[in-house]
Amino acid sequence: MSTLREDPIEARRCGGAIGLIMMALSAFAFSIMSMLVHLLAAEHSIPSFELVGLRGLFGVTVGLLFFGCWPSAPSITGPSDSRWILVRRCAFGVCGISSNWYVLSQLPLGDATVIIFTAPIFTAVFANIFMGETMTQVEIGLMMFSASGVLLVARPSVLGFEEDTPPSYATSPRGVVFAVGLVGASCSAMTNLLVRQLTDVHAMVTITWLFTSNTLCAPILLMLFRMDPVAPVGVKSWLCVLGVGIVGFAGQGFKTLGLKWEKAGPGTMMRYLDLFFAFLYQYFIFNEPLHTLSVIGAGITLVSSIALGVLKLRQKAEKVRMTPPPMTLSPNQSK
């Protein structure tokens, strides 16, 4: 992958923290979306792949309205030199969201969110491999500590953990769901890196491409996995479906802007706020018990991830401080 371009002027807003603010807003929006997806899949038996398609259809509709009505809207096809990156971003994006939403339909919300949010670990590793973002031994240690927290949440029986009683809505073994979650997390990590290479592409172009891909691929996934579509019944179901579309679109927009204006590593670490919200929703809204090991694992993951994000920010600030200002010539010297 190519190296990153200079940070755009927008990235300097709010003291240079605008990217992290966008990612925090993204975390809150996506936490609401995850709660609604879990509700629709677990309590209303709507297949997760169908929800992926419905969300994509909402996003495509908004995107087409934007490109059709906004006078200064860019071309929906995007710059010619960025289209291959957009295609790869869509491929990884479809795989990521389809896997993640399947996990949300099979596990308690808190556990599912922890597994999904192994993505920042993959992001940091991939950023080091493909984009040259440095990793210190302390950062590697923090990521391993974070991974141990995820392991406590997954609790694979092969390591001696007792088998959990599956929730009533689960249709797949916990180990299979965990494996699907890791695939989704790694794909999400790749999308984070690809978005960082699309700093010159309008956010609406990136988002509309992704939602179009989701809309087209969802029916194929339903057929491949032999899932029958289920029509939402009642006002509550339709409001939840509409909510998935609205907050999902908003979250994707915040995420796209945040990753354009912040490094992939610290940017995605802000998404860990979603963990806090997920366990609140699980306990207070869905009345599902919290497993002690899940809470401990989530705490380990959250603390280590926040520490990693803070460390990255300090490194960034130190780099800026050590960079000498550009040389300027006075009018007399320029003659």
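Because the structure is predicted, anything quoted here is derived from the model rather than measured.

Rules and cut-offs
Residues numbered from 1 in each chain as written. Predicted model: local features only at pLDDT ≥ 70, side-chain atom pairs only at ≥ 80, totals over all residues. Heavy atoms only, no water. Helix = DSSP H or I, 4+ residues; strand = E, 2+ residues; numbered from the N terminus. Buried < 20%, exposed > 50% of the residue type's maximum accessible area, 1.4 Å probe, protein only. Areas by Shrake-Rupley, 256 points an atom, 1.4 Å probe, with all protein chains shown as cover. pLDDT = per-residue confidence, 0-100. Contact = heavy atoms within 4.5 Å. Phe/Tyr/Trp six-rings, centres within 6.5 Å; stacked < 30°, edge-to-face > 60°. Polar contact = N/O pair within 3.5 Å; in protein donor to acceptor, adjacent residues only side chain to side chain. Salt bridge = Lys/Arg side-chain N within 4 Å of Asp/Glu carboxyl O. Expected span 1.5 Å × (residues − 1). Axes fitted to C-alpha atoms, helices over the stretch in contact; angles between N-to-C directions. Left-handed = near helix turned anticlockwise from the far one by under 90°. Nonpolar A, V, L, I, M, F, W, Y, C, P; charged D, E, K, R; others polar.

Trainee: Before we go on, may I ask you to explain the overall build of the protein in this structure?
Mentor: Counting its regular elements, the protein contains 12 helices and 0 strands. Mapped in sequence order, the helices and strands of the protein form the string α-α-α-α-α-α-α-α-α-α-α-α. The buried share among the 335 residues of the protein stands at 50%. Total accessible area on the protein stands at roughly 16,300 Å², and carbon and sulfur atoms take up 69% of it.

Trainee: I keep staring at the confidence of the model for the protein and nothing clicks. Help me out?
Mentor: Low-pLDDT stretches of the model should not have their predicted coordinates read in fine detail. The predicted model of the protein has a mean per-residue pLDDT of 84, with 85% of residues at 70 or higher. Of all the helices and strands in the protein, helix 10 (residues 264-269) carries the lowest mean pLDDT, 55, while helix 3 (residues 83-106) carries the highest, 96. This stretch, residues 1-6, has a pLDDT under 50; its non-local contacts, to residues over four places away or in other chains, come to 11 contacts.

Trainee: Looking at this structure, how should I read the packing of aromatic side chains?
Mentor: To describe a pair of aromatic rings, one takes the distance between the centres and the angle between the planes. Within this structure, the stated rule accounts for 11 aromatic pairs. Measuring from centroid to centroid gives 5.8 Å for Phe211 and Phe249, while their planes differ by 20°, and the two rings are stacked. Of the two residues, Phe211 sits in helix 8 (residues 203-224) while Phe249 sits in helix 9 (residues 234-261), which places them 38 residues apart along the sequence. This pair shows no difference in class: Phe211 is buried, exactly as Phe249 is. A network of ring pairs unites the aromatic residues Phe28, Phe276, Phe277 and Tyr281 as a single cluster.

Trainee: Is there a simple way to explain the side chain of Ser237 in this structure?
Mentor: Structurally, Ser237 is set in helix 9. Ser237 gets classed as buried once you look at its relative accessible area, which sits at 1%. Only 2.9 Å separates the side chain of Ser237 from the side chain of His44, close enough to count as a polar contact. Residue contacts for Ser237: discarding those within four places in its chain leaves Leu40, His44 and Pro232.

Trainee: Looking at this model, I keep getting lost on the pattern of salt bridges. Mind explaining?
Mentor: Close approach of charged atoms allows side chains with opposite charge to pair. If you walk through the whole model with that rule in mind, you get 4 salt bridges. The partner of Arg174 in a salt bridge is Asp111, with the nearest N and O atoms 3.0 Å apart. With a gap of 63 residues between them, Arg174 in helix 7 (residues 174-195) and Asp111 in helix 4 (residues 109-116) connect regions that are remote in the sequence. Of the two residues, Arg174 and Asp111, neither departs from the other in class, the shared state being buried. A salt bridge links Arg155 to Asp164; its shortest N-O distance comes to 2.4 Å.

Trainee: I tried to follow helix 11 (residues 273-285) on my own but got confused; where do I start?
Mentor: The periodicity of an α-helix, 3.6 residues per turn, causes residues three or four positions apart to be oriented the same way. For helix 11, which comprises 13 residues, the first-to-last C-alpha distance of 18 Å matches the rise-based estimate of 18 Å (1.5 Å per residue) to within 8%. All buried positions along helix 11 are accounted for by Asp274, Leu275, Phe277, Ala278, Phe279, Tyr281 and Gln282. Looking one or two residues past helix 11, Asn287 carries a phi angle of roughly 55°, positive in sign.

Trainee: Any chance you could explain the packing of helix 2 (residues 48-69) against helix 8 here in plain terms?
Mentor: Axes are the key here: two packed helices are described by the angle between their axes and the distance separating the axes. Two elements in contact, helix 2 and helix 8, have axes separated by 7 Å at closest approach and are oriented at 145°. Along this stretch, helix 2 crosses helix 8, giving a crossing that reads as left-handed. Grouping the constituent residues of the contact of helix 2 with helix 8 by class yields 13 nonpolar, 8 polar and 2 charged.

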